[in-house]
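# Observations on chain architecture
One-letter residues, chain by chain:
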Amino acid sequence: MVKKLRAEENSLRGYDIRELLERLKGELDGKYLVVLDAVWGTDEGRWWDSLKSALPRVEGSCVIVTTRNEKVTKSMGATDRCIHCSQVLSDEDSWSLFSKVAFARNGGKCTNPDLEGLGKEIVEGCGGLPLAINIVGGMKLGKGDSIHEWRQISEHLKEELEFSKKDELVIMRLELSYEELPTQLKPCFLSLAMLPEDYEIPVRYIVESWIGEGFIWGRNGKTALEIGEDCLTKLFNRFLMLGVDKDDFEKSFLGCKMHDMVRDMFIKIAREEDFFVRLDCGDRPAFIVQPRRWGGLGISMNTTVGSIQNSSTKLRTLVGVDIEHREIVASVEAKLCKLRWLRVLCLSFSNTEIDEDIVGKNWLSRIGSLQHLVFLRIENSALRTLPDSIRHLYNLQILCLVECTNLERLPLSITTLEKFTAIEIIDCPPLECMPAGLGKLSNLERLFGFSPVNSGRTNGSSISQLKNLPRLRELYMKIKSEEEIEEVEWNLLSMLQHLQILILDFEDSSLESDRFVRKIHRQLSAPLKCLRELDLGYYPGERTPAWLDPTSLPNLQFLFIGGGRIRQMGPRFWDSESGVWRVEVLVLQDLDEMEKEWPRMRRAMPSLRLLKVSDCPKLKSFPCDVTIDDWSIWRKEEEEEGKATVIQL
């Protein structure tokens, strides 16, 4: 609660409960509204007695609590007058909600009278509960128009109507949705139970962990990454996962969460199927151990890992979330080399006192023994480099290093790991370049954090190495110095014919020389036909590059231009003879000098459906506020007044 009042997390370290309560009381020094959502434990009201001491009695202030457990309200001393019981949906609203989900492909309308009759029987069995209706509607979305299958589901639901408790009703609908999942999706679904409650999970992390576990793999011309994204979309469609942070395509999510009841069902089914055994330590689960087919362990923060030796011969996944104490590191260190079958290792640290010596020398020095490892992720670590023993990880496919603020180099030996499909270096500023020989990794599909060096340097990879990566789909390249790009190298990007996402970051004032701009401005020798997203950050020229035209990028759907000296779009940008732009989403940000009129932009991009603009004061006649500071906020009422920062076109 104190953090929600904009307090820095670091400033609260070391506070005990009493001190936090005093801090909270001091922050609530006027009229306030506090909402405690989804409260579960009653604990005989002790938690409330403690918390309310920090809530000053101020006239006009209010505390709202939502819960599914009436005992919670009673334990807080709430009278009947203060308790509001929310009502279930009416039959009409239930059918409307179901139709929007189940018949989404037909605009929310059922076109088959036979299916409508069965659908209304199914909706009746959901008891007006929105979550149950969403879940069952998501099942219908994946069934097509099979009347036989839906009659079976309807009969199944009728058999369960004898259960009257709401929670039981929803859980049973959830279990039915699990039974209806394709076989491949079931282990993907259950594996998510290892993550902490209310944990927001990056979509990229989920897909990569499924690959590491061996749940998904490339087939039928699709890569494992593409198959994983399809699997996650199916879980979204069934409302078994809740999407958060929709990207600018408005088609996919950057992260996701689980409804608390869905997570309860994860755990219940996983236990019944012996998918894992969950061990509890104190007030919260400390381990999640899967002893049979897949085998995984989750380490919660502030817990010990003494039980790791009991599962070490079968363990396939080790996930450490917000590891805070040296003792946790020390207790695992001696046993890490014994995890012979480990496929996924993800470590996230929350305490900078766990220094490079402890993590690097004590933990990762033995990583070479994990020869079945497929996915390695390290976050918020003080590591300066990875140990050279990583060369023994012959099966490693995905390496992800996030916010390792001391990371200076990667060992040359990683270029010998030919199964690599993804290397992601995110927010690790000291790392100057990738090791030389990156072009040997011919299976690479995703490369984030690539900083090219001059081809004359022997300790790093140049742009010319990219031509040896024929499967590359996603590239994030940061240009740090003018000298690192040679005259003929830039055109090599046109050889990446499978590239779908290209992020170019030129954020350095030293790149603004005319000589450097000439190097990167020239037309590409061949169009990038698969490219659908381009992010151009701090481009150093006064005009957009010559290759930014509909002929070179015939299938581009998303275009971001932010920062830099750009005043005008290049002439080929507008040339109708070059082709027609297919861009659907356009984002312009922090372009102080850009001068352009909206009508011309609209004519050049007839497919445009979403526009975002911020801090571009010289744009003219645009249908939005071009000077607003925060373009990520979109208020419906502002849109109606024609002042929205985001316009749906």
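Residues numbered from 1 in each chain as written. Predicted model: local features only at pLDDT ≥ 70, side-chain atom pairs only at ≥ 80, totals over all residues. Heavy atoms only, no water.

### Some words on the overall build of the protein chain
If you tally the helices and strands in the protein chain, you get 19 helices and 21 strands. The 649 residues of the protein chain split such that 50% are buried. A sequence separation of at least 24 residues applies to 65% of the contacts in the protein chain between residues at least 6 apart. Only carbon and sulfur atoms are counted for the fraction: they give 48% of the accessible area of the protein chain, which is about 31100 Å². (Helix = DSSP H or I, 4+ residues; strand = E, 2+ residues; numbered from the N terminus. Buried < 20%, exposed > 50% of the residue type's maximum accessible area, 1.4 Å probe, protein only. Contact = heavy atoms within 4.5 Å. Areas by Shrake-Rupley, 256 points an atom, 1.4 Å probe, with all protein chains shown as cover.)

### Examining the packing of aromatic side chains
Evaluation of the coordinates by the stated rule reveals eleven aromatic pairs. Here the aromatic rings of Phe 448 and Tyr 476 are separated by 6.1 Å at their centres, their planes lie at 80 degrees, and the arrangement is edge-to-face. In this pair, Phe 448 is assigned in strand E14 (residues 446-450) and Tyr 476 in strand E15 (residues 474-478), connecting sequence segments 28 residues apart. Owing to a relative accessible area of 9%, Phe 448 belongs among the buried residues under this scheme. Taking the relative accessible area as the measure of exposure, Tyr 476 reaches 22% and is therefore partly exposed. For the ring pair Phe 573 and Trp 581, a centre distance of 5.1 Å and an interplane angle of 45 degrees mean the geometry is tilted. An identical accessibility class is assigned to Phe 573 and Trp 581; each is buried. Counting every residue linked through ring pairs, the aromatic cluster contains Trp 95, Phe 98 and Phe 103. Looking at Lys 120, its charged tip hangs above the ring of Trp 95, at a distance of 5.4 Å from the centre. For Arg 219, the ring lying beneath its charged end belongs to Trp 217, and the centroid distance is 5.9 Å. (Phe/Tyr/Trp six-rings, centres within 6.5 Å; stacked < 30°, edge-to-face > 60°. Lys NZ or Arg CZ within 6 Å of the ring centre and 35° of its normal.)

### So, a nonpolar patch on the surface
On the surface, Leu 33, Val 35 and Ile 64 cluster together into a nonpolar patch covering about 270 Å² of accessible area. With respect to the helices and strands, Val 35 occurs in strand E1 (residues 33-36). Given the relative accessible area of 49%, Val 35 is considered partly exposed. (Patch = residues over 30% accessible without salt bridge, like charges linked within 9 Å, V, L, I, M, F, W, Y side chains within 5 Å. Salt bridge = Lys/Arg side-chain N within 4 Å of Asp/Glu carboxyl O.)

### Overview of the environment of Ile 133
Along the chain, the position of Ile 133 falls in helix H6 (residues 130-141). What makes Ile 133 buried here is its relative accessible area of 0%. Taking the C-alpha atoms as reference points, Ile 133 and Val 101, separated by 32 residues in sequence, lie 8.8 Å from one another. If we skip the residues at most four places from it in the chain, Ile 133 touches Leu 89, Ser 94, Leu 97, Phe 98, Cys 126 and Gly 128.

### Notes on the pairing of strand E11 (residues 375-379)
Of all five residues in E11, four are buried, a share of seventy percent or more. In the sheet, strand E10 (residues 344-349) pairs with E11 via five bridges, with the strands oriented parallel. Note on E11: the bridge partner recorded for Cys 346 is Arg 377. In this sheet, strand E12 (residues 398-402) lies alongside E11 in parallel orientation, the contact comprising five bridges. Among the inter-strand pairings, Glu 379 is bridged to a residue of E12, identified as Val 402. (Pairing = 2+ DSSP bridges.)

### Points about helix H12 (residues 260-272)
In an α-helix, one turn spans 3.6 residues, which is why side chains three or four residues apart end up on the same side. In a regular helix each residue adds 1.5 Å, so 13 residues correspond to 18 Å; H12 covers 19 Å between its end C-alpha atoms and thus fits that length. Residues of H12 that are buried: Asp 260, Met 261, Val 262, Arg 263, Met 265, Phe 266, Ile 267, Ile 269 and Ala 270. (Expected span 1.5 Å × (residues − 1).)

### Comments concerning the nonpolar core
Counting residues in each nonpolar core, the largest one holds 89 residues, and the members touching the most others are Leu 447, Leu 466, Leu 475 and Trp 490. If we ignore the near neighbours within four places in the chain, the residues touching Trp 490 are Ile 463, Met 477, Ile 479, Ile 485, Leu 504, Phe 506, Lys 519, Ile 520, Leu 524 and Trp 547. Among the nonpolar cores identified, the runner-up in size contains 47 residues, and Cys 188, Met 241, Phe 275 and Cys 346 belong to it. (Core = buried A, V, L, I, M, F, W, Y, C linked by side-chain atoms within 4.5 Å.)

### Some thoughts on the pattern of salt bridges
Taken as a whole, this structure holds 20 salt bridges when the rule is applied. Between Arg 446 and Glu 424 there is a salt bridge; the shortest N-O distance is 3.2 Å. Linking Arg 446 in strand E14 with Glu 424 in strand E13 (residues 422-426), this pair joins segments that are 22 residues apart in sequence. One exposure class covers both Arg 446 and Glu 424, and it is buried. Here Asp 505 and Lys 478 are joined by a salt bridge, their closest N and O atoms 3.2 Å apart. Of the two residues, Asp 505 is situated in strand E16 (residues 501-505) and Lys 478 in strand E15; the sequence distance between them amounts to 27 residues. Its relative accessible area of 11% is what places Asp 505 among the buried residues. The class of Lys 478 is partly exposed, set by a relative accessible area of 26%. Overlapping salt bridges, with partners in common, bring together Arg 204, Glu 208, Glu 229, Glu 424, Arg 446 and Glu 474 in one network.

### Regarding the packing of helix H10 (residues 203-213) against helix H11 (residues 224-237)
Where H10 meets H11, the axes come as close as 9 Å, and the angle between the chain directions of the two elements is 115 degrees. The chirality of how H10 crosses H11 is right-handed. Of H11, the residues touching H10 (which contributes Val 203, Ile 206, Val 207, Glu 208, Trp 210 and Ile 211) are Ala 224, Leu 225, Gly 228, Glu 229, Cys 231, Leu 232, Leu 235 and Phe 236. Looking at side-chain class alone, the contact of H10 with H11 contains eleven nonpolar, one polar and two charged residues. (Axes fitted to C-alpha atoms, helices over the stretch in contact; angles between N-to-C directions. Left-handed = near helix turned anticlockwise from the far one by under 90°. Nonpolar A, V, L, I, M, F, W, Y, C, P; charged D, E, K, R; others polar.)

### A few points about the packing of helix H4 (residues 91-102) against helix H5 (residues 113-124)
Put simply, H4 and H5 touch, their axes get as near as 10 Å, and they point 115 degrees apart. In the crossing of H4 with H5, the sense of the turn from one axis to the other is right-handed. Across the interface between the two elements, Ser 94, Trp 95 and Phe 98 of H4 pack against Glu 116, Gly 119, Lys 120, Ile 122 and Val 123 of H5. Residues of the contact of H4 with H5, tallied by class, amount to four nonpolar, two polar and two charged.

### Structural notes on the confidence of the model for the protein chain
Considering every residue of the protein chain, the mean pLDDT works out to 77; 77% of them sit at 70 or more. Ranking the elements of the protein chain by mean pLDDT puts helix H19 (residues 636-640) last, at 37, and strand E18 (residues 558-562) first, at 93. Low confidence marks residues 279-309, where pLDDT is under 50. Its contacts with residues over four positions away, or in another chain, come to 95 contacts. Across residues 629-645, confidence stays below pLDDT 50; counting only partners more than four residues off in sequence or on other chains, it has 30 contacts. (pLDDT = per-residue confidence, 0-100.)

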